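A structural walkthrough
So the chains spell out like this:
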Amino acid sequence: MIEHHQRLGSTNDEALRRAREGARGPLFIIADEQFAGRGRHGKVWQAPPGNLNISLLLTNPAPVAQLPELGFVAGVAVHGALCETLRDAQVTAALKIKWPNDIVHHGAKLSGLMLEAHQVQHGVQACIIGIGINCRAIPDGLPYGATHLAALAGRAVEAAEVAPHLIAALGREIALHGGGAGFAGIRQRWLARAAGLGTMVSVDTGSARRSGIFQTIDMHGRLVLVMDGVEARFDAGDVFLNPSANTATSRKELESQ
Amino acid sequence: MVDTSARAGNKPRASVGNAPAIKSVASNAIDTALVARLAKLLQDTDLGEIEVEKGDLRIKIVRHSTATMMQQGAPMAAAPMQVVHALPASKAPTSAATAREEVVQSGEPVPAPMVGTAYLRASPEAKPFIEIGSKVAAGDRIMLIEAMKTFNDILSPRAGTVTAILVNDGQPVEYGQPLMIIE
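Nothing here was measured: the structure is a model prediction, and the numbers come from that model. (Residues numbered from 1 in each chain as written. Chains lettered and ligands numbered in written order. Predicted model: local features only at pLDDT ≥ 70, side-chain atom pairs only at ≥ 80, totals over all residues. Heavy atoms only, no water.)

Two quantities define a packed helix pair, namely the angle between the axes and the distance from one axis to the other. Residues and elements named next belong to chain A. Contact pair helix α5 (residues 159-177) / helix α6 (residues 183-191): the axes reach a minimum separation of 7 Å and the direction vectors enclose 130°. One finds that α5 runs oblique with respect to α6. Note on element contacts: α6 touches α5 through Phe183, Ile186 and Arg189, opposite Glu173, Leu176 and His177. A per-class count over the contact of α5 with α6 returns three nonpolar, one polar and two charged. (Axes fitted to C-alpha atoms, helices over the stretch in contact; angles between N-to-C directions. Helix = DSSP H or I, 4+ residues; strand = E, 2+ residues; numbered from the N terminus. Parallel < 35°, antiparallel > 145°, perpendicular 65-115°, else oblique. Contact = heavy atoms within 4.5 Å. Nonpolar A, V, L, I, M, F, W, Y, C, P; charged D, E, K, R; others polar.)

Our next topic: helix α1 (residues 11-20) of chain A. All names here are of chain A. For α1, a buried count of seven out of 10 residues is recorded, marking the element as mostly surrounded by other parts of the structure. Listing the buried residues of α1 in full gives Thr11, Asn12, Glu14, Ala15, Leu16, Arg18 and Ala19. The opening residue of α1, the one whose side-chain oxygen lies 3.2 Å from the backbone nitrogen of Asn12, is Ser10. The first or second residue beyond α1 is Gly22, which carries a positive phi of 120°. (Buried < 20%, exposed > 50% of the residue type's maximum accessible area, 1.4 Å probe, protein only. Polar contact = N/O pair within 3.5 Å; in protein donor to acceptor, adjacent residues only side chain to side chain.)

Below, the discussion takes up the pairing of strand β6 (residues 116-119) of chain B. All names here are of chain B. Pairing between β6 and strand β11 (residues 171-173): three bridges, direction antiparallel. Paired with Ala118 across the bridge in β11 is Gln171. With three bridges joining them, β6 and strand β8 (residues 141-147) adopt antiparallel strand pairing. Across the sheet, Thr117 pairs through a bridge with Glu146, a residue of β8. (Pairing = 2+ DSSP bridges.)

Residues and elements named next belong to chain A. Within strand β6 (residues 108-121), 11 of the 14 residues are buried, which leaves it mostly tucked inside the rest of the structure. Pairing of strand β5 (residues 102-105) with β6, which is carried by three bridges, proceeds in the antiparallel orientation. When the sheet's bridge partners are listed, His105 is paired in β6 with Ala108. From the end of β5 to the start of β6, which pair antiparallel, there are two residues, and His106 there has a positive phi angle of about 45°. Direction of pairing for β6 relative to strand β7 (residues 124-133): antiparallel, over a ladder of 10 bridges. Bridging across to β7, Ala117 finds its partner in Cys127. Hairpin connection between β6 and β7: a loop of two residues separates the two successive antiparallel strands, and Gly123 in this loop has a positive phi of roughly 80°.

Next up on the list: the confidence of the model for chain A. Looking at chain A, the pLDDT average stands at 90 and 93% of residues meet or exceed 70. This model gives residues 246-257 of chain A a pLDDT under 50, and the stretch forms 11 contacts once residues within four places in sequence are excluded. (pLDDT = per-residue confidence, 0-100.)

We now examine the confidence of the model for chain B. Residue and element names in this part refer to chain B. Per-residue confidence for chain B averages 65 on the pLDDT scale, and 43% of its residues sit at or above 70. Overall, residues 1-29 carries pLDDT values under 50, and its contacts beyond four positions in sequence, including any with other chains, amount to 68 contacts. Within the model, the stretch residues 85-104 combines pLDDT values under 50 with 55 contacts to residues more than four positions away or in other chains.

Put into structure tokens, the structure is as follows:
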């Protein structure tokens, strides 16, 4: 089911409210305007008018320990939807997924995701995938580079044009995930679209910033960095890509290790 | 190959480190079974230290190792590894540090349902969900675990009183690791 609202505080909050009232999904909540969007760990997600704000409510989509995999499922789906919207192969070749699930174009952020899992009743785990896509505007004062679809397409791009692609892509990737049994395939699809793979990246964990060669993601989806022959894995943190990194060269370096 | 190393790398993590150093400030005989139980709890939970009081006996157990490094050549490990988790910017004193006499009393541990980073509050500025002594109802939110930008509510499995919080805000947790004790 797809619900369209003109104005909501947060599409994730609305999806959760519905789950607590008994909705079991799949339920898509779309809002033209979102005035209290949330990001990671208390951060604000700003949504200027014209961008796509959408949340998907699923119930028990995977065993609890595997719920974080849905972030990779959603990341691959958003990537696919943006490629289908933009179509221009030259532009889409530069669309990548930044760990764990932002879509970037030459490092500039195009979309962000936040997932939440709540047990709404005994044995009923509501998983909410919140997605924000910059269609025609970027918020002011961001601490990172950002862009929007209209700038990349060279034409107006409406949220209503992107939404059908996204809904179809989510359905496709969730089916591939198969309730968790298909995560190996999702992981491969994610790695094929990963930003900065084989290059030097930094991760800010809130208390420290660490750099290393981005080697892969592990079986849980954790970011694997290698620095001076030591492997470090991250399950939370903000990733910073090195804009001057040359992927081909760095991959060679990686292979020679 | 990487997946294999992940599995191999995870297991030794909980038991990595030196044997816990035991400092006791006791005015009477030490309950060795209690100390052994606390030492095991320390290793199982990855906490830096545990302090308990029982009557006029006070025991503090401290683990000195903080690294989670594996040496090259460890069975099945492709490379030495380190698991790094997020820490919140705030350094507010945590309830775990103030856990005292109730720690080893009766009560059931609440296990982590997944690998990730545990948070005791919704954001670095927010109040903690619970504190030692908090009364909780079944289904109350007691913690958050973040894994790969997925935020998972941890709910109290039963009604009772929080007698111990076994993780710090922003601490890495493994699957099944005890998070807190509810009596």
